[in-house]
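Observations on the model geometry
If you want the building blocks of each chain, they are given just below.
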Number of protein chains: 2
Amino acid sequence: MSLANTPKPPYYAVIFSSIRLEGNQDEYIQMALKMERLAKKQNGFLGIESAREEIGLTVSYWKDLKSIKEWKEQIDHQLAQKLGKEKWYNYYHTRIALVERDYRFSTT
Amino acid sequence: MSLANTPKPPYYAVIFSSIRLEGNQDEYIQMALKMERLAKKQNGFLGIESAREEIGLTVSYWKDLKSIKEWKEQIDHQLAQKLGKEKWYNYYHTRIALVERDYRFSTT
């Protein structure tokens with residue numbers, strides 16, 4: 001996992017904050033990796049960043065609302081969303097946000 | 001760290017993605033905790049979520065751009081930003097985003 005190299009704003013961010021249920025760890029990780037691979041093939045995908053400690057945060061970046069809608073409705077992703085509710089998440093919160101500006105810092 | 005219980009959109013998210021330099025770990029954690037305590041006292045603060053693995057993600061939520069600007073200019077936070085560039089971060093990317101809509105799922 002590296003940082004997403006997104007273009008100049010405006011574009012969209014989907015902020016997915018979650019608390020996992022215990023168990024099904026291997027299955028969950030496999031599905032998360034599969035979803036990341038699939039998302040990268042979607043039209044309008046700009047990048048993804050993810051980290052988990054007590055809570056999980058995944059932020060994916062998208063060209064526009066249309067590309068977010070298409071990803072939400074993608075058939076394998078629909079199954080993952082269903083399994084997420086049934087088996088993997090105790091709680092989650094999804095926020096759709098318009099990135100208006102950004103700034104970067106690098107030592108190199 | 002729990003999930004942020006934010007109000008109904010619209011409001012703002014500051015997405016802070018980072019890669020740490022090695023070393024100064026204790027000092028960094030103390031400062032991060034101090035900044036979290038201070039942010040919670042700021043006008044317009046709505047919540048914060050954070051996780052770190054290979055990369056760090058911190059998303060803080062704010063009422064409006066004015067409250068984000070005031071937090072950016074808060075004097076102790078200014079020092080932390082300076083130290084961040086000098087000692088703690090190899091790379092970071094800050095995005096200011098308008099949360100337009102959200103949805104939640106809970107098992108309880």
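Residues numbered from 1 in each chain as written. Chains lettered and ligands numbered in written order. Predicted model: local features only at pLDDT ≥ 70, side-chain atom pairs only at ≥ 80, totals over all residues. Heavy atoms only, no water.

Description of the overall build of chain A
Stated formally: The helix count covers DSSP runs of H or I at least four residues long, the strand count covers runs of E at least two residues long, and both are numbered beginning at the N terminus. Note that the radius of gyration is over C-alpha atoms, with the globule rule given as 2.2 Å times the number of residues to the power 0.38. We call a residue buried when its accessible area falls under 20% of the maximum for its residue type, exposed when it is over 50%, and partly exposed in between, using a 1.4 Å probe and counting protein chains only. Any pair of residues with heavy atoms lying within 4.5 Å of one another is described as a contacting pair.
A tally of regular secondary structure across chain A gives three helices and four strands. Computed over its C-alpha atoms, the radius of gyration of chain A comes to 14 Å, within 12% of the 13 Å expected for a compact globule of 108 residues. Split into buried and exposed, the 108 residues of chain A put 45% on the buried side. Pairs at least 24 apart in sequence give 77% of the contacts found in chain A among residues at least 6 apart.

Re the interface of chain A and chain B
This is how the line gets drawn: Values labelled buried area give the accessible surface lost by two parts on being combined, using a 1.4 Å probe and summing over both. Each reported salt bridge corresponds to a side-chain nitrogen of Lys or Arg within 4 Å of a carboxyl oxygen of Asp or Glu.
Counting from both sides, the interface comprises 44 residues of chain A and, opposite them, 44 residues of chain B. Each partner contributes to the roughly 4,300 Å² buried at the junction of chain A and chain B, and carbon and sulfur atoms together form 58% of this total. Across the pair R95 of chain B and E49 of chain A runs a salt bridge, and its minimum N-O distance is 3.7 Å. Those elements giving two or more residues to the side of chain A that touches chain B turn out to be β1 (11-20), β2 (45-52), β3 (56-62), α2 (65-73) and β4 (89-106) of chain A.

Quick look at unusual backbone geometry
Residue and element names in this part refer to chain A. Put simply, P9 and P10 share a cis peptide bond, and its omega is 10°. Here P10 lies in the segment before β1. In this structure, N24 is a non-glycine residue whose phi angle is positive, near 55°. Note that N24 resides in the loop between β1 and α1 (25-41).

Comments concerning the environment of L38 of chain A
All names here are of chain A. Position of L38 relative to the elements: it lies in helix α1. Its relative accessible area of 17% is what places L38 among the buried residues. Note: C-alpha distance between L38 and H77 (39 residues apart in sequence) is 8.3 Å.

Notes on the packing of α1 of chain A against helix α3 (residues 75-88) of chain A
All names here are of chain A. How we decide: For helices, the axis comes from a line fit to the C-alpha atoms of the stretch in contact; other axes are also lines fit to C-alpha atoms, and the angle between any two N-to-C directions lies between 0 and 180 degrees. Here roughly perpendicular refers to angles of 65 to 115 degrees, roughly parallel to angles under 35, roughly antiparallel to angles over 145, and oblique to all remaining angles. Helix crossings fall into two classes, left-handed where the near helix is turned counterclockwise from the far one by less than a right angle and right-handed where it is turned clockwise. Each residue gets one of three labels, nonpolar for Ala, Val, Leu, Ile, Met, Phe, Trp, Tyr, Cys and Pro, charged for Asp, Glu, Lys and Arg, and polar for the others, Gly among them.
Closest axis-to-axis distance for the α1/α3 pair is 11 Å, and the angle between their directions is 155°. Here α1 lies roughly antiparallel to α3, going by the angle between them. The hand of the α1/α3 crossing is left-handed. Contact residues: E27, Y28, M31, K34, M35 and L38 in α1; D76, H77, A80, L83, K87 and W88 in α3. Within the contact of α1 with α3, the residues separate by chemical class into seven nonpolar, one polar and four charged.

Considering the relation of the copies chain A and chain B
Going by this rule: In superposing the copies, a least-squares fit is computed on C-alpha atoms, taking residues whose pLDDT is at least 70 in both.
Once chain A has been moved 0.0 Å along the axis and rotated by 180°, it coincides with chain B to within an RMSD of 0.0 Å. Read as a symmetry element, the transformation amounts to a two-fold axis. A high fraction, 100%, of the interface residues of chain A reappear at the interface in chain B, so the copies pair face to face through one surface.

What to know about a negative patch on the surface
As a reminder of what qualifies: Residues form patches when they are more than 30% accessible in relative terms and have no salt bridge. Like charges link within 9 Å. Nonpolar side chains (Val, Leu, Ile, Met, Phe, Trp, Tyr) link within 5 Å. Reported accessibility uses the Shrake-Rupley method at a 1.4 Å probe radius. Residues are deemed covered only where the shown protein chains occlude them. As used throughout, the charge tally considers Lys and Arg to be positive and Asp and Glu to be negative, leaving His and the chain termini uncounted. By convention, charge coordinates are those of NZ in Lys, CZ in Arg, CG in Asp, or CD in Glu.
Negative charge collects at one region of the surface, where E53 and E54 of chain A together with E53 and E54 of chain B lie side by side. Among the structural elements, E53 of chain A can be located in the loop between β2 and β3.

With respect to the sheet that holds β1 of chain A
Rules: Strand pairing is defined by DSSP finding a minimum of two bridges between the two strands.
Across the sheet, eight strands lie side by side as β2(A)-β3(A)-β1(A)-β4(A)-β4(B)-β1(B)-β3(B)-β2(B); this open sheet has antiparallel pairing. Of all strands in the sheet, those with a lone pairing partner are β2 of chain A together with β2 (45-52) of chain B, marking the two edges. Across the sheet, the axes of successive neighbouring strands diverge by a mean angle of 25°, strand direction being ignored. By the bridge criterion, ten bridges tie β1 of chain A to β4 of chain A in an arrangement that is antiparallel. Looking at the pairing, Y12 of chain A lines up with L98 of chain A of β4 of chain A. The strands touched by α1 of chain A are β1, β2, β3 and β4 of chain A; relative to β2 of chain A, the strand with the most contacts, the crossing angle is about 160°.

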